[in-house]
Amino acid sequence: MARLKTPIAWLKIIVGPDWMRTYGIATGMALVLCFTGANGTNALPLAPRFLYWLSLMAGGTIIAQIAGRLLDRYTNLNLWQTITVMMLCITPLITILAWLVTAGVNHRAPQVETLIVYIPPVLVISLAMTGLHVLVSRQPVQSHAFATAQTLEPGVAFRERLPFKHRHADIFALAAEDHYLRVHTSAGETLILMRLYDAIRELDGIEGSQVHRSWWVAKDAIADVIRSDGRISFSLKGGLSAPVSRSYQKALKQDGWL
């Protein structure tokens, strides 16, 4: 029998690993809609107007977060298919939310005949929010194996930065730590002063990908994919575990990593 999710597990689904970005976008959109008096709300005083839009943006974001997690878990759609299905799923729910919240703000019972009026603005705002999330969602930076045999050792430019004992070892992963990189290899780990993005550019010849804002892993180093409570991580050679950011999961799925 499938185990019921605990309240903490559901909270993780609603909040999400990138909660600051997600709810920051919702708050920013609420401010824009508040100060422009969108959808006739300029008749409300400023503070109640902001709370009105913030409640709609936060509520809509929670609905979208749950729908997005379910789509990620149970489907394998590409980006545009996901956006289309998301709009079909969340628009009716957010429309009902807006209908109920507006009735509450106006201190009157919701009227069924007015429900359809909320669909166009909800659809426009939902598309705008989705577009913002797509724009700020980063794609993983990848390094690529050479198409033909090379005389140079793969990733030679990067290897020259490593201590001698690590230069010819297999590179498993890179983890950013402030301005430093912790380099995990078959000969152990070492720390160098370098940005992750710059390091990945020097790793061509080794097939790998950024899987988190602070992690890059070599594809050959992946021993297993671990899924737990909606989170994904890679179990790597050498006993390492690398987190996989949700913002990179879709691209990694499309590339056959997940």
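Right above here is the structure, for reference.
Rules used in this analysis
- Residues numbered from 1 in each chain as written.
- Predicted model: local features only at pLDDT ≥ 70, side-chain atom pairs only at ≥ 80, totals over all residues.
- Heavy atoms only, no water.
- Pairing = 2+ DSSP bridges.
- Helix = DSSP H or I, 4+ residues; strand = E, 2+ residues; numbered from the N terminus.
- Axes fitted to C-alpha atoms, helices over the stretch in contact; angles between N-to-C directions.
- Phe/Tyr/Trp six-rings, centres within 6.5 Å; stacked < 30°, edge-to-face > 60°.
- Buried < 20%, exposed > 50% of the residue type's maximum accessible area, 1.4 Å probe, protein only.
- Contact = heavy atoms within 4.5 Å.

Let us look at the sheet that holds strand β7 (residues 222–228). The sheet built from three strands is open, its strands ordered β7-β8-β9 with antiparallel pairing. Whereas interior strands pair on both sides, the edge strands pair on one side only; in this sheet they are β7 and β9 (241–244). In this sheet, neighbouring strand axes are inclined to one another by 25° on average, regardless of whether the strands run parallel or antiparallel. Both strand β8 (residues 231–236) and β9 contribute to a ladder of four bridges, which runs antiparallel. Residue pairing across strands places Ser235 opposite Ser241, the latter belonging to β9.

Before going further, it helps to examine the packing of aromatic side chains. Counted under the stated rule, the structure contains two aromatic pairs. Taking 6.1 Å as the distance between ring centres and 50° as the angle between the ring planes, the aromatic pair formed by Phe234 and Trp257 counts as tilted. You can see Phe234 sitting in strand β8 and its partner Trp257 sitting in the segment after α8 (246–254), a full 23 residues away along the chain.

Burial along β9 is one-sided: Ala242 and Val244 are buried, and none of Ser241 and Pro243, which face the opposite way, are. Between the end of β8 and the start of β9, which pair antiparallel, lie four residues, with Gly238 showing a positive phi angle near 85°.

Another point: the environment of Val101. Secondary-structure assignment places Val101 in helix α4 (residues 79–105). Each C-alpha atom, one on Val101 and one on Trp53, is 9.6 Å from the other, the two residues being 48 residues apart in sequence. Those residues within four positions of Val101 in sequence are excluded, and the remaining contacts are Tyr52, Ser55 and Leu56.

Below, the discussion takes up the sheet that holds strand β3 (residues 180–185). Two orientations exist for strands paired in a sheet by backbone hydrogen bonds: parallel and antiparallel. Spatial ordering of the open sheet is given by β1-β5-β6-β2-β3-β4, a layout of six strands whose pairing is antiparallel. A single partner strand is all that each edge strand has here, and the edge strands are β1 (142–143) and β4 (188–193). Relative to strand β5 (residues 208–212), β1 runs antiparallel, the two being bridged by two bridges. Following the sheet pairing, Ser143 is matched in β5 by Gly208.

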